[in-house]
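Structural overview for review
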Amino acid sequence: MRGADAGLGRPPRALVLTWLALLGLVALTLGLAYVPLGRMGIVVALAIAAVKAGLVVTLFMKLFRGPVLARVAAGAGLFWLAILFSLAATDYLARNDAATGNFSLPTGREGSR
Amino acid sequence: MSEAPLDQVHLEPQYATARQQAETAALGMWVFLATEVLFFGGMLFAYTYLRATFPEGFAEAARETHVVIGTINTVVLLTSSFTMAWAVHAAEHDRRRATALLLAATALLGLLFLGLKGLEYYKEWQEGVVPGLNFHKDGPNAHVAAMFYYLYFMLTGVHGVHVTIGIGLVALMAVRAWRGGFSARYFTPVEVTGLYWHFVDLVWIFLYPLIYLAGRSGP
């Protein structure tokens, strides 16, 4: 048994390729961050992050090879995140602070004044 | 701690098969991770609101984060996810020493991440961008910078706590693997710990562009 167990052995090709793809995407997103894309910058950055997350979830976490219920749980997480964002947005995005000038963000230096 | 016999899986009475038992454990972790998405979700919404409301002050603050350390840490964490996935693969193929060594490597990469994060916090303390404790920024956008750094420390701090817990779990699995606690038929704890570790990596995959890459192409 120990004979076959010596050393680390070779990593599976799929894992190595995933790892290299992830590192490539880090380089890509870092480079694109310095390109003036205007408001599309955040969209591109999040799209690349989503691709990276997809690789990790699919090839490292093997979500689509496990039980179906695990996919339901993962999907529910994203679904409730969407609910959290949309319901919170109904409050915050409907506020009109700019018109009232009613900003009251703390600076952390209140005590020193 | 009672380890499972090498080639026989201890079946709890509520399960019909070992496979059902293993899948239930994985499902439990996925459900927990779904709640973790919401745990980070509140802070991510705060981020979205702040960035949409004060785009200029936000970009100005985000541009001053330590992008070199942030990028190195991203590579470190992605690499640790790779060694973690490799460890699960090794466990699946009954390569016990390889499993233990790869788990140890994963934990060490996690420690490296925390070390670099600590260096970053130290630099930020010296720069005076720690709101409430040591914040020395002036100018029209100082209040936005303060909010940015509040969020920065909350997000990275809570993520750091997750990394710390992950290191503990992975190290524990490394010890159990080294002692022969797992086999090709029983390695569920390694697998479930792996799911948690990958999730911590997933959070960082989104934090990296949100924190370090925002405002880089601006004036």
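Source: prediction; values computed, not measured.

Here we come to the overall build of chain A. Of regular secondary structure, chain A possesses four helices and zero strands. Reading chain A from its N terminus to its C terminus gives the helix and strand order α-α-α-α. The contacts of chain A with a sequence gap of at least 6 include a subset with a gap of at least 24, amounting to 53%. A total of about 7200 Å² of accessible surface is found on chain A, and carbon and sulfur atoms cover 68% of it.

Here we come to the UniProt feature "transmembrane region" (unreviewed entry) in chain A. The positions UniProt marks with the feature "transmembrane region" (unreviewed entry) are residues 12-34, 40-61 and 68-89 of chain A. Split by type, residues 68-89 of chain A is 100% helix and 0% strand. Its first and last C-alpha atoms lie 32 Å apart.

In this description, an aromatic ring pair is defined by two values, namely the gap between the centres and the angle between the planes. All names here are of chain B. Summed over all chains, the structure comprises 18 aromatic pairs over all chains. Look at F182 and Y186: their rings are 6.2 Å apart centre to centre, the planes differ by 35 degrees, and that puts the pair in the tilted class. The same class applies to F182 and to Y186, which are both buried. Among the aromatic residues, those joined into a ring-pair cluster are Y47, F58, Y121, F148, Y149, Y152 and F153.

Another aspect to go through is the interface of chain A and chain B. Frequently, the measure chosen for interface size is the accessible area removed from exposure when the parts meet. Listed by partner, the interface residues are 56 residues for chain A and 56 residues for chain B. Buried surface at the junction of chain A and chain B, both sides included, amounts to about 5000 Å², of which 77% is carbon and sulfur. The interface formed by chain A and chain B contains zero salt bridges. Our count for the contact surface shared by chain A and chain B stands at three residue pairs in polar contact (both at pLDDT 80 or more). Taken together, the elements giving at least two residues each to the side of chain A that touches chain B come down to α1 (13-33), α2 (40-60) and α3 (68-92) of chain A. When residues of the side of chain A that touches chain B are assigned to their parent elements, the largest contribution, 12 residues, is made by α3(A). Of the residues belonging to the side of chain A that touches chain B, the class tally is 44 nonpolar, six polar and six charged.

Next up on the list: a nonpolar patch on the surface. Residues V35(A), L37(A), M40(A) and V43(A) make up a contiguous nonpolar surface patch of about 310 Å² in total accessible area. Relative to the helices and strands, M40(A) resides in helix α2.

A few words now on unusual backbone geometry. Although it is not a glycine, K62(A) sits at a positive phi angle of roughly 50 degrees. For K62(A), the position within the fold is in the loop between α2 and α3.

As a further point, take helix α1 (residues 18-53) of chain B. Count 3.6 residues to each turn of an α-helix, and residues three or four apart come out pointing the same way. End to end, α1(B) covers 53 Å across 36 residues, agreeing with the expected 52 Å (1.5 Å per residue, within 8%). Along α1(B), the sharpest kink reaches roughly 30 degrees, centred on G41(B).

Here the focus is the UniProt feature "transmembrane region" (unreviewed entry) in chain B. When the UniProt feature table is mapped onto this chain numbering, "transmembrane region" (unreviewed entry) sits at residues 27-47, 67-88, 100-119, 149-175 and 195-215 of chain B. For residues 149-175 of chain B, the end-to-end C-alpha separation is 38 Å, with 100% helix and 0% strand making up the annotated structure.

Moving on, we come to the packing of α2(A) against helix α6 (residues 188-212) of chain B. Where α2(A) contacts α6(B), the axes come no closer than 9 Å and their chain directions differ by 170 degrees. Between α2(A) and α6(B), the crossing angle belongs to the class labelled roughly antiparallel. Residues I42(A), A45(A), L46(A), A49(A), A50(A), K52(A), A53(A), V56(A), V57(A) and F60(A) of α2(A) lie in contact with α6(B), whose contacting residues are H198(B), D201(B), L202(B), I205(B), F206(B), Y208(B), P209(B) and L210(B). Residue composition of the contact of α2(A) with α6(B), grouped by class: 15 nonpolar, one polar and two charged.

About the criteria used
Residues numbered from 1 in each chain as written. Chains lettered and ligands numbered in written order. Predicted model: local features only at pLDDT ≥ 70, side-chain atom pairs only at ≥ 80, totals over all residues. Heavy atoms only, no water. Helix = DSSP H or I, 4+ residues; strand = E, 2+ residues; numbered from the N terminus. Contact = heavy atoms within 4.5 Å. Areas by Shrake-Rupley, 256 points an atom, 1.4 Å probe, with all protein chains shown as cover. UniProt positions renumbered as here; feature names shortened; annotations may be inferred. Phe/Tyr/Trp six-rings, centres within 6.5 Å; stacked < 30°, edge-to-face > 60°. Buried < 20%, exposed > 50% of the residue type's maximum accessible area, 1.4 Å probe, protein only. Buried area = accessible area lost by both parts, 1.4 Å probe. Salt bridge = Lys/Arg side-chain N within 4 Å of Asp/Glu carboxyl O. Polar contact = N/O pair within 3.5 Å; in protein donor to acceptor, adjacent residues only side chain to side chain. Nonpolar A, V, L, I, M, F, W, Y, C, P; charged D, E, K, R; others polar. Patch = residues over 30% accessible without salt bridge, like charges linked within 9 Å, V, L, I, M, F, W, Y side chains within 5 Å. Expected span 1.5 Å × (residues − 1). Bend = angle between axes of the 7 residues up to and from the residue. Axes fitted to C-alpha atoms, helices over the stretch in contact; angles between N-to-C directions. Parallel < 35°, antiparallel > 145°, perpendicular 65-115°, else oblique.

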